[in-house]
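Understanding the architecture of this molecule
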Amino acid sequence: HSRAPPTTDLCPTALDNPTHKKHRRVMTYAFSPAAVREQEDIVHSYCTLLISRLKEQIADPQIKGKVDLVRWLNFATFDIIGDLAFAESFHCLETGKNSLWMTTIFQNLKTGAFIRIAAAYPLANFLLQTAIRLMPSVARLTRKLRKDSEDKMARRLALKTDRNDFTRYGSPPLSCVILGTVG
């Protein structure tokens, strides 16, 4: 298995076409109508929690009925994806806070846009890639997120279950996509 460069390995907007096609091929069944039906109970539990948390937020006198719905929908999305990918939530709905994953993914989506633009200009691309590689904080965050992903996936694979989630599907295993090791 091969890994993408550290600057783009967690940024789907920076994937080249062949890599993107490999990822999509592995993930196709996990999003098929049959698989989605099997995952319905998991998704439903988070929808119920989302509604409950929104009601709490609206009832909070400090908030005065104003809720950042996009933020709460993002929390639900990441908790659902975490559960379906790793059999564990990121606990965003419970805590009302971004997870490391949320923060990093959104940051990488923004960075990916710059990488795509810079790719059209070889000198700008070289300078941007070099600057990113020289930033110790980026390298630390990438290592931390990769380690967290590997730990979460190891715990999921250790469950030895027929749980209806993303990890159950795919060849090569979807875990390779999640860990960025599709080769």
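In the block above lies the structure referred to throughout.
The present account deals with the structure reproduced in this document. (Residues numbered from 1 in each chain as written. Predicted model: local features only at pLDDT ≥ 70, side-chain atom pairs only at ≥ 80, totals over all residues. Heavy atoms only, no water.)

This structure, assessed with the given rule, holds six aromatic pairs. Measuring from ring centre to ring centre gives 5.6 Å for phenylalanine 78 and phenylalanine 106, while their planes differ by 65°; the resulting arrangement is edge-to-face. Separated by 28 residues along the polypeptide, phenylalanine 78 in helix H4 (residues 69-86) and phenylalanine 106 in helix H6 (residues 100-119) bring together distant segments of the chain. Phenylalanine 106 gets classed as partly exposed once you look at its relative accessible area, which sits at 30%. Here the aromatic rings of phenylalanine 90 and tryptophan 101 are separated by 5.2 Å at their centres, their planes lie at 35°, and the arrangement is tilted. Of this pair, phenylalanine 90 sits in the loop between H4 and helix H5 (92-95) while tryptophan 101 sits in helix H6, and the two are eleven residues apart along the sequence. Comparing phenylalanine 90 with tryptophan 101, the two get one shared label, buried. (Phe/Tyr/Trp six-rings, centres within 6.5 Å; stacked < 30°, edge-to-face > 60°. Helix = DSSP H or I, 4+ residues; strand = E, 2+ residues; numbered from the N terminus. Buried < 20%, exposed > 50% of the residue type's maximum accessible area, 1.4 Å probe, protein only.)

Oppositely charged side chains are able to pair whenever their charged atoms sit close together. All told, the structure shown has seven salt bridges when counted by the stated rule. When the shortest N-O distance is used, the salt bridge between arginine 163 and aspartate 83 registers 2.1 Å. On the criterion of sequence distance, the pair formed by arginine 163 in the loop between helix H8 (136-158) and helix H9 (174-179) and aspartate 83 in helix H4 is long-range, its members being 80 residues apart. A salt bridge links aspartate 165 to arginine 156, with the shortest nitrogen-to-oxygen separation between them at 2.7 Å. You can call arginine 156 buried: its relative accessible area is 4%. Overlapping salt bridges, with partners in common, bring together Asp83, Arg156, Arg163 and Asp165 in one network. (Salt bridge = Lys/Arg side-chain N within 4 Å of Asp/Glu carboxyl O.)

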